[in-house]
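Take a look at the letters that make up each chain.
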Amino acid sequence: MTKRILVTGSDGMVGSALREVLGDDTFFATRADADLRDFEATDRLFKEVQPTHVIHLAAVVGGIGGNIMHSGDFFRSNILINTNVLECARQNDVQRLVSFMSTCIFPAEASYPLSVEDLHNGPPHPSNFGYAYAKRMLDVQTRAYRAQWNSDFVIAVPTNIYGPHDNWNLEEGHVAPALIHKCYLAKQNNEPLMVWGSGNPLREFIYSGDVAKLVTWVLNDYQGTEPIILTSGIEMPIKELVHLVADAMDFTGEIIFQSDKPDGQFRKPSNAQPLLDQIGGFDFTPVDVGIKRTVDWFVANYPNVRL
Ligand code: GFB
């Protein structure tokens, strides 16, 4: 049977990057094709596409602001989406499915670097507990399906992804797109760039194009069954990200750190070794290069961007 790949949530940042690496044997589904919170709609999509492989990107996500404001919706929507997609994949005999968690769902108090063995050993950071617990159930469902039906479902766990086609919402987006959008407006309006928190928290950033290449490898070649973390393992203070954005935008105005805004988790360094053991080397896009590429994309496309 010829390979037929279904990508869910394909109109987002990673889905857009996957369009550049996957071939015409791929069906790029979006919310317009099916509301994956509805089982019947999800099953209709699987019956229409008849995929042999699935890259499951669809999720309701946001940055620290979005997670704090919408914890109930983030929990409910992601539980429904994942439950439906994995069950439809099983019922429609999908050979292999890759779904996504992220490093923000690990315990807030964990030994570093974060490793998948510790995933359930403690509560996640309160800033995103709704999303985090929903995503942890994806791990439970994946293991339960493998145990009962030998489903070949695996999970990729990227760190903070950034890149073109992101969600640029100032209040609910992730840090990189929010800062790029704010920096663009600050430059336009000759105003200070307002940064949330102290700028001291540390994050690992991974470019969307790298995630697309790595998840294609997970789909085709990853031999393990445990969730696989996708990271370069390089941490960066938020304040360094701010300067990369300002430099890429050629912004020379004032930068103000807002101490009344949340810092969130201080750091969440994750274990890059399992990936490197499996794949050998990987040329991660340096953050300064990726940010410049993303800023140039934003400036070229604004205001026709997702807000
Ligand atoms: O990407 P982010 O919103 O979420 O990053 P997390 C939050 C960090 O960036 C905090 C600082 O330290 C914020 O204080 N920050 C500075 C800003 N300015 C801004 C701003 O304008 N907007 C935002 N959003 N942050 C994410 C999860 O957690 O981790 C995702 O929310 C995902 O779901 C990702 O799982 C891996 O990095 O704290």
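In this report, we go over the structure that sits alongside the text. (Residues numbered from 1 in each chain as written. Predicted model: local features only at pLDDT ≥ 70, side-chain atom pairs only at ≥ 80, totals over all residues. Heavy atoms only, no water.)

A short note on the site of the ligand
Then, in step 1: Residues in close proximity to the ligand total 22 residues, the closest being S102, C104, K182, P262 and D263.
Then, in step 2: A distance of 3.0 Å separates an oxygen atom of the ligand from a polar atom in the backbone of G62.
Then, in step 3: Within the side chain of K268, one N or O atom sits 2.8 Å away from an oxygen atom of the ligand.
Then, in step 4: Computed on the free molecule, the ligand has an accessible area of 700 Å², of which 97% lies beneath the protein chains in the complex.
Then, in step 5: Listed by contribution, the elements that provide at least two residues to the shell around the ligand are α3 (64-69), α6 (175-189) and β7 (193-196).
Then, in step 6: A per-element tally of the shell around the ligand places α6 first, with four residues. (Near = heavy atom within 4 Å. Polar contact = N/O pair within 3.5 Å; in protein donor to acceptor, adjacent residues only side chain to side chain. Areas by Shrake-Rupley, 256 points an atom, 1.4 Å probe, with all protein chains shown as cover. Helix = DSSP H or I, 4+ residues; strand = E, 2+ residues; numbered from the N terminus.)

Considering the pairing of strand β8 (residues 202-207)
Then, in step 1: Taking burial as the measure, the six residues of β8 include six buried ones, the bulk of the element.
Then, in step 2: Alignment of strand β6 (residues 160-162) against β8, held across three bridges, turns out to be parallel. Following the sheet pairing, I161 is matched in β8 by I206.
Then, in step 3: As paired strands, β8 and strand β10 (residues 235-237) are joined by three bridges and run antiparallel to one another. The partner of L202 across the bridge, within β10, is P237. (Buried < 20%, exposed > 50% of the residue type's maximum accessible area, 1.4 Å probe, protein only. Pairing = 2+ DSSP bridges.)

Observations regarding the packing of helix α8 (residues 238-249) against helix α10 (residues 287-301)
Then, in step 1: Taken N-terminus to C-terminus, the directions of α8 and α10 make an angle of 50°; their axes are 9 Å apart at the nearest point. Here α8 lies oblique to α10, going by the angle between them. Classified by chirality, the crossing of α10 by α8 is right-handed. Each of L241, L244, V245, A248 and M249 in α8 lies in contact with α10, whose residues at this interface are V287, D288, I291, K292, V295 and V299.
Then, in step 2: For the contact of α8 with α10, the class distribution of residues is nine nonpolar, no polar and two charged. (Axes fitted to C-alpha atoms, helices over the stretch in contact; angles between N-to-C directions. Parallel < 35°, antiparallel > 145°, perpendicular 65-115°, else oblique. Left-handed = near helix turned anticlockwise from the far one by under 90°. Contact = heavy atoms within 4.5 Å. Nonpolar A, V, L, I, M, F, W, Y, C, P; charged D, E, K, R; others polar.)

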